[in-house]
Amino acid sequence: MFSYSASDFIYCVPGWNDGDANHSKFDKALMSAWDISMEKGHFRYSLEDLKTRILPGTKQYVAQLNIKRGTDRRKPQSIMNLIQPYNPQLFNFTKIKEEEIMFDFCSDGDIPNGEPEEVVNKKVKRQRNIMVINVSPLGYGHCLFIPDVDAGIPQMITEELLRQSLEMLLLSSHRGFRVGFNSLCAFASVNHQHIHVYYTDYELYIEYATVKEVCHNCYELLDTPTRGFAFQLHGQDISSLVKTVFRVASHLQVKNIAHNLFLTRAPVFGAERSSKDRTVRVILWPRKSVYGIRSDNIFNPAVTEMSGHLIIKAAEAYKTITEEKVDQLLAEVSMDEDDFNNLKDSVKDLLSTDKEMEQSVS
């Protein structure tokens, strides 16, 4: 079990022009378990042949050739609707092999009286929040986090999932630690609630993309091929950020709008790219839905690709792809401008109403 408290949170990590930070307790636990799993052959392939190139252009897209992720990964489920009930008969994370589980993940507040794991398990049936290897990894440390795995929660954003995702990011001292979520109809391959976590050694354009305020604590991305909302931890506490992001995400779910969510370290909004004033940046992309089983030849525009980290599945495409082609492919799944503007207006009304209610109560 990996347990933590708020005292383990790391609110500011070095920027990309600074020296590396020492690995946190969380990083050491995850990396050690992941390395052991790789040594024991629990993955479908190794990452020894992973190739990386930075595409010329202003966005500096990170392209990585990972042919085996395209050929050796588990066949995705056919997804036909954003809201689908969990089906225990289909593949889900209760069916993975025992050796794929790295550790349980919980805050100290989830453990009664802070007692040892073996004592707690004898007294109560504690929910299992598990960190498991992704047997078809996109990069180093690629894992899946499944909260309350036995509850059979479908793939959707909840307030608790957001809190766990944000706290997990804060437990890492690595500037390239990422957390991502794909909704159904946005390249989630399994309808069982989970997030992706992984490490990269490259700065991504989305970390310093410019933003414009929509309303209180909610911004929109500018100059990116996919329209989206941006939020930051700077200037508010964890619970406030979680509440705001969840309000917008749940709004998308009610409206049956597919979406991708990404959490990363980044400069504070408006600061220079090299600024040491850094925080957590959260990106939420509403997007066009993808139905059934789909696999593009170049890359699937899921959360990693939306962030500027491209998992390329064909050698020739890896050699020839350009920033212009990436922009085109990402723009194809972006919400149309008129639809996004209408959505933006409804989000503004939603959050403004929430703010007015908070002020009236206080």
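Our structure's up above, just so we're on the same page.
Residues numbered from 1 in each chain as written. Predicted model: local features only at pLDDT ≥ 70, side-chain atom pairs only at ≥ 80, totals over all residues. Heavy atoms only, no water.

Time to look at the overall build of the chain. Looking only at helices and strands, one finds 9 helices and 14 strands in the chain. Counting across all 362 residues of the chain, residues that qualify as buried make up 55%. A fraction of 73% describes how many contacts in the chain between residues 6 or more apart in sequence connect residues 24 or more apart. Working note: accessible area of the chain is about 16100 Å², and carbon and sulfur atoms make up 48% of it. Computed over 41 positive and 48 negative side-chain charges, the separation of the two mean positions in the chain equals 4 Å. (Helix = DSSP H or I, 4+ residues; strand = E, 2+ residues; numbered from the N terminus. Buried < 20%, exposed > 50% of the residue type's maximum accessible area, 1.4 Å probe, protein only. Contact = heavy atoms within 4.5 Å. Areas by Shrake-Rupley, 256 points an atom, 1.4 Å probe, with all protein chains shown as cover. Lys, Arg positive; Asp, Glu negative; His and termini not counted. Charge placed at Lys NZ, Arg CZ, Asp CG, Glu CD.)

This brings us to the nonpolar core. Soluble, globular proteins show a tendency: their nonpolar side chains are buried together. Formed by 57 residues in total, the largest nonpolar core has its most connected members in Leu 30 and Met 131. Not counting residues within four places of it along the chain, the set of residues in contact with Leu 30 comprises Met 102, Phe 103, Met 131, Gly 141, Cys 143, Phe 177, Val 197 and Tyr 199. (Core = buried A, V, L, I, M, F, W, Y, C linked by side-chain atoms within 4.5 Å.)

What follows concerns the pattern of salt bridges. Per the stated rule, a full pass over the model turns up 11 salt bridges. Across the pair Lys 276 and Asp 18 runs a salt bridge whose closest N-O atoms are separated by 2.6 Å. Placement of Lys 276 in the loop between β12 (258–267) and β13 (278–287) and of Asp 18 in the loop between β1 (2–4) and α1 (25–39) is noted, with a sequence separation of 258 residues between them. Across the pair Arg 128 and Asp 150 runs a salt bridge whose closest N-O atoms are separated by 2.9 Å. One end of the pair, Arg 128, is in the loop between α3 (117–123) and β5 (130–133); the other, Asp 150, is in the loop between β6 (143–146) and α4 (159–171), with 22 residues separating them in the sequence. The exposure class of Arg 128 is partly exposed, given its relative accessible area of 28%. Judged by its relative accessible area of 47%, Asp 150 falls in the partly exposed class. Via salt bridges that share partners, Glu 160, Arg 163 and Glu 167 belong to a single interconnected network. (Salt bridge = Lys/Arg side-chain N within 4 Å of Asp/Glu carboxyl O.)

Working note: a packed helix pair is described by the angle between its axes plus the distance between those axes. Across the interface, α4 lies against helix α5 (residues 238–254) with an axial gap of 9 Å and an inter-helix angle of 130°. Considering the angle they form, α4 stands oblique to α5. Crossing of α4 against α5: the hand is right-handed. Along the contact surface, α4 presents Glu 159, Leu 162, Arg 163, Leu 166 and Leu 170, while α5 presents Ile 238, Leu 241, Val 242, Lys 243, Val 245 and Phe 246. The class makeup of the residues in the contact of α4 with α5 is 8 nonpolar, no polar and 3 charged. (Axes fitted to C-alpha atoms, helices over the stretch in contact; angles between N-to-C directions. Parallel < 35°, antiparallel > 145°, perpendicular 65-115°, else oblique. Left-handed = near helix turned anticlockwise from the far one by under 90°. Nonpolar A, V, L, I, M, F, W, Y, C, P; charged D, E, K, R; others polar.)

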